[in-house]
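Descriptive structure summary
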Amino acid sequence: MQADFSNVEMRVQSFETGDKVLQDIFASGKKVHDENVKVMFGITPDDPMFDVCKRAAKTYIFGRGYGGGLRGIYERVTMQVPDLELSYEQFVQCDEEYRLAHPAYVKWHDKIIKQAIENRYVKTAFGRVRYFLGDDQEIKRQALNTPIQGTAADVFNLAIIRLRKELKQNRLGILVGAVHDSIIVECDKADATEVAALMKAAMEQTHSLWGMQVSFPVDIEIATDKRALS
């Protein structure tokens, strides 16, 4: 059994930054990276370059999530998506288009950096604190990274704790792996449906965060061949 959180970091970002545009994308069931391509590059899925631009958009988004600088993200994009053939000036324009489409993120971005440099710490949505000892550039990167990825990690860890307890109490399956945003459990074929329900309940448990009740959806795959999960 493999259960993957669906875009958990970007969903956390939508709430953490108060980005209603991003929240609406998820609520509508649209594919978030498709929407990012439309915004950043101004093209639709019927464009022959759409898939290439989508790979670039994903690299850009995750680079932003890790607190990367624009020049560094551009270099990563050109390395990972060389067939894009985008100049740095064109990339800066793509970044500007994204920022214009997500003003709440831009406001949060500037606020969190200012607070982190002044106070030398930030918190996840669960209240876990990270203190900073580096220079302003290190603080800037870590301050942007921690509230989003740190909160996603908290959600993931709480899911593992609950799932392990449920599996043990019900004597169903064994938790054998946890990679990034997915959890892998081995169980008897006859117990697959019941284990899937336990995994879904543990990972989609409701949390009181950002002044609201939120949960993060998962996709579950059942495979009888171990190679299918690799």
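Here's what I pulled together on the structure shown here. (Residues numbered from 1 in each chain as written. Predicted model: local features only at pLDDT ≥ 70, side-chain atom pairs only at ≥ 80, totals over all residues. Heavy atoms only, no water.)

Here we come to the pairing of strand β1 (residues 2-5). Direction of pairing for β1 relative to strand β5 (residues 182-186): antiparallel, over a ladder of three bridges. When the sheet's bridge partners are listed, Ala3 is paired in β5 with Ile183. Relative to strand β8 (residues 218-221), β1 runs antiparallel, the two being bridged by four bridges. When the sheet's bridge partners are listed, Phe5 is paired in β8 with Val218. (Pairing = 2+ DSSP bridges. Helix = DSSP H or I, 4+ residues; strand = E, 2+ residues; numbered from the N terminus.)

As a further point, take empty space enclosed by the protein. What the rule picks out here adds up to one cavity of 30 Å³ or more. Computed from the structure, the largest cavity encloses a volume of approximately 60 Å³. Lining the largest cavity we find Glu9, Met10, Gln13, Ile61, Phe62, Gly65, Ile148 and Gln149. At the level of elements, α1 (8-16), α4 (50-65) and α8 (136-170) are the ones that each hand at least two residues to the lining of the largest cavity. (1 Å grid on protein atoms, 1.4 Å probe; cavity = no way out; pocket = protein on both sides within 12 Å on 5 of 7 lines; lining within 4 Å. Points joined across faces, edges and corners; volume = space filled by probe spheres on them.)

Moving on, we come to unusual backbone geometry. Not every positive phi belongs to a glycine, and Arg120 is a case in point at roughly 65 degrees. Mapped onto the secondary structure, Arg120 falls in the loop between α7 (103-119) and β2 (121-123). The class for Arg120 is partly exposed, based on a relative accessible area of 32%. Positive phi values are uncommon outside glycine, yet Arg171 reaches one of about 50 degrees. Mapped onto the fold, Arg171 is located in the loop between α8 and β4 (174-179). (Buried < 20%, exposed > 50% of the residue type's maximum accessible area, 1.4 Å probe, protein only.)

What follows covers the state of the cysteines. With the rule as written, the count across this model stands at zero disulfides. Counting only cysteine sulfurs, Cys94 is the nearest neighbor of Cys53, a cysteine outside any disulfide, at a range of 7.6 Å. Relative accessible area serves as the criterion here: at 6%, Cys53 is assigned to the buried category. In this structure Cys94 comes out as buried when scored by relative accessible area, which is 6%. (Disulfide = S-S within 2.5 Å.)

Here we come to the sheet that holds β1. The four strands lie next to each other as β4-β5-β1-β8, forming an open sheet whose pairing is antiparallel. Each end of this open sheet is capped by a strand with a single partner; those strands are β4 and β8. Taking the axes of each pair of neighbouring strands and ignoring which way they run, one obtains an average angle of 20 degrees across the sheet. (Axes fitted to C-alpha atoms, helices over the stretch in contact; angles between N-to-C directions.)

Let us look at the side chain of Thr151. Positionally, Thr151 belongs in helix α8. Engagement of the side chain of Thr151 in a polar contact is seen with the backbone nitrogen of Ala125, the distance being 2.9 Å. In contact with Thr151, not counting residues within four places along its chain, are Val12, Thr124, Ala125, Phe126, Thr146 and Trp210. (Polar contact = N/O pair within 3.5 Å; in protein donor to acceptor, adjacent residues only side chain to side chain. Contact = heavy atoms within 4.5 Å.)

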